[in-house]
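Fold and contact review
So you can see what is in the structure, the chains are spelled out below.
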Amino acid sequence: MNAVTLYPLKKLEIILEGAHREFATDLLDRAGVKGYTIVGNLSGKGSHGLYEGHLMFNEDDVLIMIIAAVPAELVDPLLEGFQPFFEAHSGVVFVSDIQVGRLVKFRD
Amino acid sequence: MNAVTLYPLKKLEIILEGAHREFATDLLDRAGVKGYTIVGNLSGKGSHGLYEGHLMFNEDDVLIMIIAAVPAELVDPLLEGFQPFFEAHSGVVFVSDIQVGRLVKFRD
Amino acid sequence: MNAVTLYPLKKLEIILEGAHREFATDLLDRAGVKGYTIVGNLSGKGSHGLYEGHLMFNEDDVLIMIIAAVPAELVDPLLEGFQPFFEAHSGVVFVSDIQVGRLVKFRD
């Protein structure tokens, strides 16, 4: 009766300058992403483990991290959608496996 | 001498309205969760990849994310414990695999 | 043309008192970690799923979480580097698998 079924999803953690928040959430909305959570006021430095050696963030950038749980088939289209943006701006996207309990959510 | 052994644990990321923080941490405490870290002042929107289509968060909710590393056998009881809450309130729980170094921690 | 290749990396989430931020980022820099992102103003309690039962955080500690994406071969040296610190101070390191799109990043 109380059993919780876990569903596999992919978690995207999109770190970018806060000034580009609306661009990113618009892209998520248009791709059909149902929701996201945003962590603000991050700081950061460097290129986050990527191999290019180009500067990614300055220490005084104000960064945000947008967290979204998406079906696996949305990962490639989303990364392709973000690619032109990240060719011109700083940022990174982490992709990882998560499970989410299918908890029906109502608001009154 | 300095070897670090990694232990597999499950990471829970519990996103919910800040007003319900104490409910959530009490539930964790009672379930035997040894610790947690809380990220405050999040914002968010939507239903986080779930399939119901019900509104989860409004854009002006003040959300928190409670991060806890727990043994795998605690995941099901915790999710069952949260289920009645999430039937009445907004929120989501992400479950993922992590490893934690067994670093003995003393405080003075 | 727009194909996105994903590269496996390890994500470190290093939670410690904010007063020790520079120690931690210096250690990351010296180990060759290319970048990191810092979430500030966390709160927390307890020992985060470890087995020792010692107090890790007090509720009034100001904690930070340093997020870094690193090649797998850096995980052991980094954990060994942090070990003496965590023998004397509160904190925890979570290790998990992520994938990062190889998005070339330029800043003007």
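Use the structure listed above.
Heads up: these notes are all about the structure in this document.

Our focus in this paragraph is the environment of glycine 91 of chain C. With respect to the helices, strands and loops of the structure, glycine 91 of chain C is situated in strand β4 (residues 91-101). Along the primary structure glycine 91 of chain C and glycine 44 of chain C are separated by 47 residues, whereas in three dimensions their C-alpha atoms are 10 Å apart.

Positive phi values are uncommon outside glycine, yet asparagine 41 of chain A reaches one of about 55°. For asparagine 41 of chain A, the position within the fold is in strand β2 (residues 35-46).

In this section: the pairing of strand β3 (residues 63-70) of chain B. Residue and element names in this part refer to chain B. Summarising burial for β3: 8 of the 8 residues are buried, a large majority. Residues Leu63, Met65, Ile67 and Ala69 point to one face of β3 and Ile64, Ile66, Ala68 and Val70 to the other, with burial holding for every one of them. Strand direction decides the pairing type here: strand β1 (residues 6-17) and β3, joined by 8 bridges, are antiparallel. Among the inter-strand pairings, isoleucine 15 is bridged to a residue of β3, identified as methionine 65. Of the strand pairs in this sheet, strand β2 (residues 35-46) and β3 are connected by 4 bridges, and their pairing is antiparallel. Directly across from leucine 42, in β3, lies its bridge partner leucine 63.

Given two aromatic rings, their pairing is described by the distance between the two centres and the angle made by the two planes. Residue and element names in this part refer to chain A. Applying the stated criterion to the full structure yields 12 aromatic pairs over all chains. The interplanar angle of 80° and the centroid separation of 6.2 Å between the aromatic rings of phenylalanine 23 and phenylalanine 82 together place this pair among those described as edge-to-face. In this pair, phenylalanine 23 is assigned in helix α1 (residues 21-30) and phenylalanine 82 in helix α2 (residues 75-88), connecting sequence segments 59 residues apart. What makes phenylalanine 82 buried here is its relative accessible area of 1%. By the ring-pair criterion, three or more aromatic residues cluster together here, those being Phe23, Phe82, Phe85 and Phe86.

Turning our eyes to something else, we now look at the nonpolar core. Side chains of a nonpolar character, in soluble globular proteins, are inclined to be buried together. Counting 36 residues, the largest nonpolar core has Val39 and Phe94 of chain A, Val39 and Phe94 of chain B together with Val39 and Phe94 of chain C as the members making the most contacts within it. When residues no more than four places from it in sequence are discounted, the contact partners of valine 39 of chain A are Leu63, Ile64, Met65 and Ile67 of chain A, Val39 and Leu42 of chain B together with Val39 of chain C.

The subject of this paragraph is α1 of chain A. For an α-helix, the turn length of 3.6 residues means that residues three or four places apart are oriented alike. All names here are of chain A. Every buried residue of α1 is accounted for by Ala24, Thr25, Leu27 and Leu28. End-on view of α1: buried residues confined to an arc of 155°, all on one side of the axis. Turned more than 90 degrees away from the buried face of α1 sit Glu22 and Arg30, all of them exposed. Buried residues along α1 sit against β1 (6-17), β2, β3 (63-70) and α2. The positive-phi residue at the C-terminal boundary of α1 is glycine 32, with phi of around 90°.

Parameters at a glance
- Numbering of residues starts from 1 in every chain and runs along the sequence as written.
- Written order determines the labels here, with chains lettered from A and ligands numbered from 1.
- Totals for whole chains, interfaces and linings use every residue, but because this is a predicted model, local features are given only for residues with pLDDT of at least 70 and side-chain atom pairs only at 80 or more, for both listing and counting.
- Side-chain descriptors were evaluated using all non-hydrogen atoms of the structure, hydrogens and water having been removed beforehand.
- Here a strand is any run of E in DSSP of at least two residues, a helix any run of H or I of at least four, and the numbering for each starts at the N terminus.
- Categorising residues by exposure relies on relative accessible area from a 1.4 Å probe, with only protein chains included: less than 20% of the type maximum marks a residue as buried, more than 50% marks it as exposed, and the intermediate range marks it as partly exposed.
- Think of it this way: DSSP has to see at least two bridges between two strands before they count as a pair.
- What counts as a ring pair is set by centres within 6.5 Å for rings of Phe, Tyr and Trp (its six-membered ring), and what kind of pair is set by the plane angle: stacked under 30 degrees, edge-to-face over 60, tilted for all other angles.
- By nonpolar core is meant a set of buried Ala, Val, Leu, Ile, Met, Phe, Trp, Tyr and Cys residues that side-chain atoms within 4.5 Å join together.
- Residues count as neighbours in contact if any of their non-hydrogen atoms are within 4.5 Å of one another.
- Along the arc lie the directions from the helix axis toward the C-beta atoms.

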